[in-house]
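Here are the chains, one letter per residue:
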Amino acid sequence: MRATSTAAAGRPADEETPPSSGASAVAMDAPVQGHRGPMGPLRRFLRHHWYAWALTSPVIIVMGVLIGFPFLRGLYLSVTNATEQNIGRTIGENEIPATYEFVGAANYLEILAGDIGNFWPRLVWTVVWTVVCVAAHFGIGLALAILLNRHIRLRGLYRVLMIVPWALPPFVSAFIWRYLLNGQYGVFNAALTNLGLPAVPWLNDPTIAKVSVILVNVWLGVPFMMLALLGGLQSISRELYEAARVDGASPWQQFRHITLPGLSAVAAPVVLIGTIWTFNQFPVIFLVSGGGPGDSTELLVTYAFRLAFEGIGDYGASSAYGMLILGLLLVMAVIYQRALKRGGQAW
Amino acid sequence: MRLVRTGSVVASITLAMTACAGDNDTADGDREITFWDTADPENEAPAFEEQIREFEEEHDIIVNHQTVPFDETQDMFKTAAESGEDAPDVLRSEVAWTAEFASLGLLAELDDTPALHNPDDFLEGPYSSTQYDGSTYAVPQVTDSLALLYNRDLLAEAGYEDPPETMAELTEVAISVSEDTDATGLYLNPEGYFLLPFLYAHGADLLDDQAEAVTVNEPAAVSGLEDVLDLIADGGAVEPDLAEGYDNMQGAFRDGDAAMILNGPWAIGDLMGGPQFEDDPDNLGVAALEAGAPVGGHNYAAYAGSADLDAAHEFIAFMASADTQQAISEELGLLPSRASVYEADGVADHEIISAFEPVMEAAQPRPWIPEAGQLFEPLDQAYEEALIGESTPQEALDDVAEAYQGFLPDWE
């Protein structure tokens, strides 16, 4: 019993050793196991990789249910005029028939024409928000990481303290910041007026409100960047710096030619993740400024939420918004990856 | 050794879990319903809680009383009710939400059920808000409207013994108080609902439901909004905080930083706990506004998908009964929705309730259309934009009118 199972498990590995194209592999297999008949490509594929598939299948099934199904449903809704009123449902004795219909690209066209929520100005603000936030996350995160990578006293304590913003649930931080930024009773304005300075309309002025929410998000996002970059820094070999010093390289040259290239393997993915997170940053905007004053700090994603869940929810248009956001991020990710490759993973 | 210990931990957890599950299943016929309450959790909910305990004892039904934030409940309830997950059996539904929920099929009809007891006793305004398409979908809990709440000491300091009666007088008093005292005259909550009295004073309204017309951007309404902006520009009113407008308004009035605010009976409990009124409740004055404010209030509604509608009916009947209303009004000064309760002991001579009598007389009815719950979202935003100068009053209200046309396509 034991011997056979070992043999069965061993065979696929043996067969795989000569790296050959599909066709020739089949040809080679056929004479060896002639009595079993020729193997189809599917069967051979399963035979080679069944173990991998068996291991990944729970994940694939869960992802399919949690991401695949909602995605397809969203894609479908985005080409219909579905709203909360016509989506159809049965609650207790009340039955509402589904009366929504296919409308093609109408939702997309209306959004791009600016008829549903000012798409273009909102996109501009979302891009500004993302670029400023990610640049600040990276810049400040890198500076702190370099600082904490040196041997200073209480380094462990600092490292723990720096993670606090990240460890707090975002809604807790959001409410603390709201309290700090409150126009009449906020801590910041109390401090300013005590110093004899004029109070600042932190969340009352469209431009200052934008600065305020960026400030909050930078505070929230730096720890993650710092942590990731600190890991990157620690993986750079000390010997490189020693060699550079022997060659008389200045600190800037060391930073430019050792630290940055050494970090790129870590930095590239975290900047990409950071960009996606920031682009879709929901709690900071929704809980700190509520998109206000007016709709000046509303991001694409918070607006899509409002479309779906405020008033009579417009599921069609909201799904179309979601698909547009996904499309924009995909394009961004592809361009980013290509740029990285073209630059040879260098900055 | 370690393995054994882990094993026993796992076993005990499993045991505990089955025990819990067993508890729920075998709770020998105890019925349980969930009630979503949007009342102020600190000042109002305890009084309701007391009544709920009484109901539980009388009826052998456990009520899971959850206080939910008023601002979010409209959307929260729709999401929960539509998905069928975690929706409450009974909801405290604001008057303007009721027709919307009913039109979406989320509420159970209450005609000819025990929930609707002695309907003729209900005041007409609140009762009309429970009707949709010829059927009753809720039972009135309380009624209310906005009043001018004023700090007598501060007004006296500026030389006014009586509260302003017209909007012109309000402006005058507000500016004098700002000039003559340390306080500002008025703190206006930057929300559309609180703007309505200023529109009403000019004879304007959001909609004309008789003529089926959108009237929010007519010249009269624009003048109303302009009045508010002038009040702020002339120093009569504080420039309101847009993110925390309501809380800052309450805080400013409690602390004596503002001499007047517009707010309803639900706010009195909170205000009475503040330094200006704690030891001197008479310092708080209540007056009607020139042309009144919108009729507000809350209803009890039953979720159509409730697993135990009978229990929900019993609960609503109990909570909306004259006895319960009397107890709650006596304690909180909320305005009952039943005419008979106004004559009851402890209510007839209640100071807050009598002070609100002229306020309710001046209150203006609102159209109870399914879209009524959506009117304030665009108005809130436009009001904010006008306040920060992003758009002129006319532009702001034109945007509102456009939004209204979007969901009232057949209206003028």
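Residues numbered from 1 in each chain as written. Chains lettered and ligands numbered in written order. Predicted model: local features only at pLDDT ≥ 70, side-chain atom pairs only at ≥ 80, totals over all residues.

**Q** Would you mind going over the UniProt feature "domain: ABC transmembrane type-1" (unreviewed entry) in chain A with me for this structure?
**A** UniProt's feature table lists "domain: ABC transmembrane type-1" (unreviewed entry) at residues 123-336 of chain A, given in the numbering used throughout. A distance of 19 Å separates the end C-alpha atoms of residues 123-336 of chain A, which is 78% helix and 0% strand. (UniProt positions renumbered as here; feature names shortened; annotations may be inferred. Helix = DSSP H or I, 4+ residues; strand = E, 2+ residues; numbered from the N terminus.)

**Q** Just checking my understanding: could you explain the pairing of strand β13 (residues 296-302) of chain B for this structure?
**A** Consecutive side chains of a regular strand alternate in pointing toward one face of the sheet and then the other. All names here are of chain B. Of all seven residues that make up β13, seven are buried, and the element is covered over most of its length. Taking every second residue as pointing to the same face, both faces of β13 are buried, with Gly 296, His 298, Tyr 300 and Ala 302 on one and Gly 297, Asn 299 and Ala 301 on the other. Pairing of strand β3 (residues 90-94) with β13, which is carried by five bridges, proceeds in the antiparallel orientation. Paired with Glu 94 across the two strands is His 298, which belongs to β13. Of the strand pairs in this sheet, strand β6 (residues 139-144) and β13 are connected by five bridges, and their pairing is antiparallel. Residue pairing in the sheet places Val 139 in a bridge with Tyr 300 of β13. (Buried ≥ 20, exposed ≤ 12 C-beta atoms within 10 Å, placed from the backbone. Pairing = 2+ DSSP bridges.)

**Q** How should I be thinking about the pairing of β3(B) in this particular structure?
**A** Residue and element names in this part refer to chain B. β3 sits mainly inside the fold: five of its five residues count as buried. Side chains of β3 alternate between two faces, with Val 90, Arg 92 and Glu 94 and Leu 91 and Ser 93 buried alike. The pairing of strand β1 (residues 31-37) with β3 spans two bridges and is classified as parallel. Bridged to Trp 36 within β3 is Leu 91.

**Q** How should the interface of chain A and chain B be read in this particular structure?
**A** One frequently used descriptor of interface size is the decrease in accessible area upon assembly of the parts. Taken residue by residue, the interface counts 27 residues in chain A and 27 residues in chain B. Where the side of chain A that touches chain B is concerned, the elements lending two or more residues are β1 (89-91) and β2 (94-96) of chain A. In terms of residue class, the side of chain A that touches chain B is made up of eight nonpolar, twelve polar and seven charged. (Contact = placed C-beta atoms within 7 Å. Nonpolar A, V, L, I, M, F, W, Y, C, P; charged D, E, K, R; others polar.)

**Q** Help me out: how do you make sense of the nonpolar core in this one?
**A** Leu107(B), Tyr187(B), Ala258(B), Ala302(B), Phe315(B) and Ile316(B) are the most contacted members of the largest nonpolar core, which has 129 residues in total. Looking at this core element by element, the count peaks at eight residues for helix α12 (residues 309-319) of chain B. Ignoring sequence-local partners within four residues, the contact set of Phe315(B) consists of Ile33(B), Phe35(B), Phe55(B), Ile61(B), Val63(B) and Val90(B). Ranked by size, the runner-up nonpolar core spans 49 residues in total, among them Ile111(A), Val216(A), Phe305(A) and Met323(A). (Core = buried A, V, L, I, M, F, W, Y, C linked by C-beta atoms within 7 Å.)

**Q** Which parts of the structure should I look at to understand the UniProt feature "transmembrane region" (unreviewed entry) in chain A?
**A** Residue and element names in this part refer to chain A. The feature "transmembrane region" (unreviewed entry), as given by UniProt, occupies residues 50-72, 127-148, 160-180, 208-230, 258-279 and 315-336 in the numbering adopted here. Overall, residues 160-180 shows 90% helix and 0% strand. The separation of its end C-alpha atoms is 23 Å. In this annotation, residues 315-336 is assigned 100% helix and 0% strand; the end-to-end C-alpha distance for the span is 31 Å.

**Q** Looking at this structure, I do not really get the confidence of the model for chain A. What am I missing?
**A** Residues and elements named next belong to chain A. Summing up the model confidence of chain A, the mean pLDDT is 83 and the portion of residues at 70 or higher is 87%. Within chain A, the element-level pLDDT minimum falls on helix α1 (residues 2-16), averaging 41, and the maximum on helix α5 (residues 119-149), averaging 93. This stretch, residues 1-34, has a pLDDT under 50; its non-local contacts, to residues over four places away or in other chains, come to nine contacts. (pLDDT = per-residue confidence, 0-100.)

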